[in-house]
Structure formats: C-alpha cells, structure tokens
Amino acid sequence: MPRFLRRAVVAPAAVAIGLIAAAPAASSGPDVTNPHVIAHFDLAAGQTPENMVAERNGSVVVSFSAARQIAKVTRERRIRVLATLPAESRPRTPLVHDAVTLGLARAEDGTLYVNYATGTAKTGIWRIPASGGAPEQIAALPPDGVPNGLALDERRGVLYAADSVLGTVWRVPLAGGTPTAWAAGGALDGLPETADGVGANGIKVHKDAVWVTNSDRGTLLRIPVAADGSAGAAEERASGLPGVDDFVFPGHSDIVLAALITSNEVALVRPDGTRTTVLGVQDGLSNPTSLAVSGQDLFVASDAYFTQRDPNLLKARLRAHFARP
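Predicted model, so just to flag it, every value in this text is computed and none were measured.

A.B. asks: So what exactly am I meant to see when it comes to the overall build of the protein chain here?
C.D. replies: For the protein chain, the count of helices and strands is one helix and 24 strands. Taken across its 325 residues, the protein chain has 57% of its residues classed as buried. Within the protein chain, contacts between residues at least 6 apart in sequence are counted, and of these 49% link residues at least 24 apart. When the accessible area of the protein chain is evaluated, it comes to approximately 12,600 Å², of which 51% is carbon and sulfur surface.

A.B. asks: How do you make sense of the pairing of strand E18 (residues 244–248) when you look at a structure like this?
C.D. replies: The buried fraction of E18 is high, at five of five residues. Two strands pair when backbone bridges link them, and E18 and strand E19 (residues 256–260) are joined in this way by three bridges, in the antiparallel orientation. From the neighbouring strand, Val244 faces E19, where its bridge partner is Leu260.

A.B. asks: Can you walk me through the environment of Val114 in this structure?
C.D. replies: With respect to the helices and strands, the residue Val114 is situated in strand E7 (residues 112–117). Here Val114 falls in the buried class, since its relative accessible area comes to 0%. With ten residues separating them in the primary sequence, Val114 and Gly124 have C-alpha atoms 8.4 Å apart. Apart from the residues lying within four places of it in its own chain, the contact partners of Val114 are Ile70, Leu85, Thr101, Leu102, Gly103, Leu104, Gly124, Ile125, Trp126, Ile128 and Leu150.

A.B. asks: Explanation requested: the nonpolar core in the structure shown.
C.D. replies: Most often, soluble globular proteins keep nonpolar side chains buried together rather than apart. Leu257, Val266, Leu279, Leu291, Leu298 and Val300 are the most contacted members of the largest nonpolar core, which totals 18 residues. Elements represented by at least two residues in this core include exactly E19, strand E20 (265–269), strand E21 (275–279), strand E22 (288–294), strand E23 (297–302) and strand E24 (312–318). Looking at this core element by element, the count peaks at three residues for E24. Excluding anything up to four places from it in sequence, Leu257 contacts Phe247, Val248, Pro250, Val266, Ala267, Leu268, Val278, Leu291, Leu298 and Leu318. Ala183, Ala200, Ile203 and Leu221 belong to the second largest nonpolar core, which has 15 residues in total.

A.B. asks: Even after reading the chapter, I still don't get the pattern of salt bridges, so can you show me in this structure?
C.D. replies: Should the charged atoms of two oppositely charged side chains come close, the side chains can pair. Under the criterion given, the structure shown has 15 salt bridges. Ionic pairing is found between Asp246 and Lys204, a salt bridge with its closest N-O pair at 2.8 Å. With Asp246 in strand E18 and Lys204 in strand E14 (residues 200–205), this residue pair connects regions lying 42 residues apart in the sequence. Across the pair, Lys204 and Asp246 agree in class, each one buried. Salt bridges linked by common partners bring Asp153, Arg155, Arg156 and Asp208 together as one network.

A.B. asks: Looking at this structure, I do not really get empty space enclosed by the protein. What am I missing?
C.D. replies: One simple way to see leftover space: roll a probe sized like a water molecule over the atoms. Counting across every chain of the model gives one cavity of 30 Å³ or more. Considering only enclosed or pocket space, the largest cavity measures out at about 50 Å³ in volume. Along its surface, the largest cavity is lined by Trp211, Leu220, Arg237, Ala238, Asp254, Val256, Val269, Arg270 and Pro271. Considering only residue class, the lining of the largest cavity consists of six nonpolar, no polar and three charged.

A.B. asks: Looking at this structure, I do not really get the sheet that holds strand E2 (residues 49–54). What am I missing?
C.D. replies: Sheets are built from strands paired through backbone hydrogen bonds, the pairs being either parallel or antiparallel. Strand order in the open sheet formed by four strands is E2-E3-E4-E5, and the pairing between neighbours is antiparallel. The sheet is open, and its two edges are formed by E2 and strand E5 (79–84), each paired on a single side. Within the sheet, the average angular offset between the axes of one strand and its neighbour, ignoring direction, is 25°.

A.B. asks: I would appreciate a short explanation of the sheet that holds strand E10 (residues 147–153) in the present structure.
C.D. replies: Within the open sheet, the four strands sit side by side as E10-E11-E12-E13. Their pairing is antiparallel. In the strand order of this sheet, the two ends are held by E10 and strand E13 (180–184), each with one partner. Put simply, the sheet's adjacent strands are angled 25° from each other on average, direction ignored. Pairing geometry for E10 and strand E11 (residues 158–163), over five bridges, is antiparallel. Pairing of Leu150 across the sheet is with Ala161, part of E11.

A.B. asks: Can you help me understand the side chain of Asp254 in this one?
C.D. replies: Considering the arrangement of structural elements, one finds Asp254 in the loop between E18 and E19. Reaching out from Asp254, the side chain makes a polar contact with the side chain of His206 at a distance of 3.0 Å. Excluding anything up to four places from it in sequence, Asp254 contacts His206, Lys207, Trp211, Arg237, Phe249, Val269 and Pro271.

A.B. asks: Help me understand the side chain of Thr168, please; the structure alone is not making it clear to me.
C.D. replies: For Thr168, the location among the structural elements is in strand E12 (residues 168–173). At 3.0 Å, the side chain of Thr168 and the backbone oxygen of Leu166 are in polar contact. Excluding its chain neighbours within four sequence positions, the residues that come into contact with Thr168 are Ala161, Ala162, Asp163, Ala181, Ala183 and Ala184.

A.B. asks: Mind showing me how you'd approach unusual backbone geometry here?
C.D. replies: Working note: non-glycine residues mostly have negative phi, and peptide bonds are mostly trans. Residue Arg68 is not a glycine yet carries a positive backbone phi of 60°. Given a relative accessible area of 21%, Arg68 falls into the partly exposed group. The phi dihedral of His97 falls on the positive side, at around 70°, and the residue is not glycine. Here His97 is to be found in the loop between E5 and strand E6 (100–106).

Cut-offs applied
- Residues numbered from 1 in each chain as written.
- Predicted model: local features only at pLDDT ≥ 70, side-chain atom pairs only at ≥ 80, totals over all residues.
- Heavy atoms only, no water.
- Helix = DSSP H or I, 4+ residues; strand = E, 2+ residues; numbered from the N terminus.
- Buried < 20%, exposed > 50% of the residue type's maximum accessible area, 1.4 Å probe, protein only.
- Contact = heavy atoms within 4.5 Å.
- Areas by Shrake-Rupley, 256 points an atom, 1.4 Å probe, with all protein chains shown as cover.
- Pairing = 2+ DSSP bridges.
- Core = buried A, V, L, I, M, F, W, Y, C linked by side-chain atoms within 4.5 Å.
- Salt bridge = Lys/Arg side-chain N within 4 Å of Asp/Glu carboxyl O.
- 1 Å grid on protein atoms, 1.4 Å probe; cavity = no way out; pocket = protein on both sides within 12 Å on 5 of 7 lines; lining within 4 Å.
- Points joined across faces, edges and corners; volume = space filled by probe spheres on them.
- Nonpolar A, V, L, I, M, F, W, Y, C, P; charged D, E, K, R; others polar.
- Axes fitted to C-alpha atoms, helices over the stretch in contact; angles between N-to-C directions.
- Polar contact = N/O pair within 3.5 Å; in protein donor to acceptor, adjacent residues only side chain to side chain.

This is the structure we're talking about:
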C-alpha cells in the first residue's frame, strides 16, 4: 500500500483484536511456525516492498514502491535489482503524489508484470522480460487512478489490475493493449467518509473467480468469471479485516492468508469467514503488505510505512496440508 496510508487512523489494539473474530485452534498444531526475518531493506533508499512473487528455487521477487524498482532476494539473502521503472519528472499520482511501483505478477516463463502509478501517461502495466532488458509499458491505465494489486490468468491470457482510487478491476490482454473495466463500483469502491478512499487493493485469480480485498471496507470479495470472460456479481466472503492489503491462497482450498497492514498482523481467513491471527509484530512484522507461498514456505513483506522501522522480508513454515506445488 502506498505512502498515503500513513494518514490512516490505526485502531487501538483492543479494537483491532475485537475486529478479528477468533476461531478455535486446530488440534494438530499451529498453521504457521518458525517465523524469522530473512532480509532487511533500506528505508532511506526507498526499499519499501509492496508486492512479491515466490520462485520455485526459494528466491523472492519484490516491488520496491518508493524506489520504482523490481528486485530479487536470493536464497542466499542477497538483494539484486532486476529493473527500475522510468522516472517521472512531475508525478501527479492521486493521493500518493509520487511515482510508485505496486502490484507484481510472474508468468511461467519468468516474465514479470508490474503496475506503475505516476499520475501521467506512464500509469499502467509494464512488462519486464525474463531474459532481462528494459521495462516496457504494455497497457495504459487512467492517470487519475492508482492501479494497485495485479493478478495473472495465463489460461485465459489476461491480467487483472485492481484500482484503489477508481474502485475498478481492469482486464488487459497478456500481450498488451486496451484495458477493459471488467468490474467497477459498489463493493470495490472506498468509503467516501474516509480521508484516503482506498478501495480495491489486493487481487488474485482462484478457481474461476477473481478475488479482491477492499482496504476501506475490510472485506474480501469473490467475483466469478463467466464462461464468456465477463464478471459475475461480487460476493463478500469475509469482513472485519481492518486495513487488509494483499493476500494469498496457501493451498487449493478457499482458505486465505491476508496481510493487515495497520494492525501488523497476518490473518488466516477460513471459507466461513472466521479468522485467526497467525503472525504479528512480535514475529517481526512492520506493516505487512503482501504474501507469497512456495511449497510449505510462506513469505511476508513488510514496508514500514507507518512504523518507519525495518522494512523486511519474513519467512515462515506452513502446515503440510497447505503445501502446493
């Protein structure tokens, strides 16, 4: 989540705890174990991790929003910059006022796609070749919006971008081209009474549906994808997730792990909407923004937007029943 969220009012601890509906603990042990920070980033250099994808070899690729960079954190915990998005001399990004890299997606062939918000014609989806090379803009999105989360559906050959300001999910051909407002308004909008108005945020494709979080409303939504590719009606699958940002499906079920940026927590959200806190500030979280899973390894990126302390990458272990190839 970009820096404008620094202005958000963080609920007191007691309120935040009350908003998280506790679920009974599993008798077979905790769902997440052995959390530890594996990389510390440089806040002064703009290394604020916004989104990420995990690779099979144990590396993680992250977007550093303030630095406009895409970087790889290797298994050996080295940080290597893969690409830097072109500078914008006069950024006019709504709410943010800076040029920022946000959502990130990776194709099977290693091609990376990233949302870039500038408030100018550079706003849109950019492609970074797997073989290296300069980033290339493949789709322009409205400069008065903030394209935040990004999801890839290779089977259908499309990308979905969640716009936090315009309350819209944009659909773009994987090869690039003209975006389509695939779903908009209603449950995707931010709340008008808030100062920030941050609506649709994290986004994932899962089981013939596009799932989206709404930060203002603290909700998780499921939007079915019809046979013709159009959007069905949005269904609310969970609520009471204050400051929810990105999320991940740790396995093949509808169980979700969600980053709650303002309360420094990762919540496990079950299909019936009940939820349990599985990671917190005591584990090293510093405003978590995104999550990624590789096998039984869970990665959580913290950007330190509110705390202004220790943006980092945390690694933990998932219970075996969550493991996915």
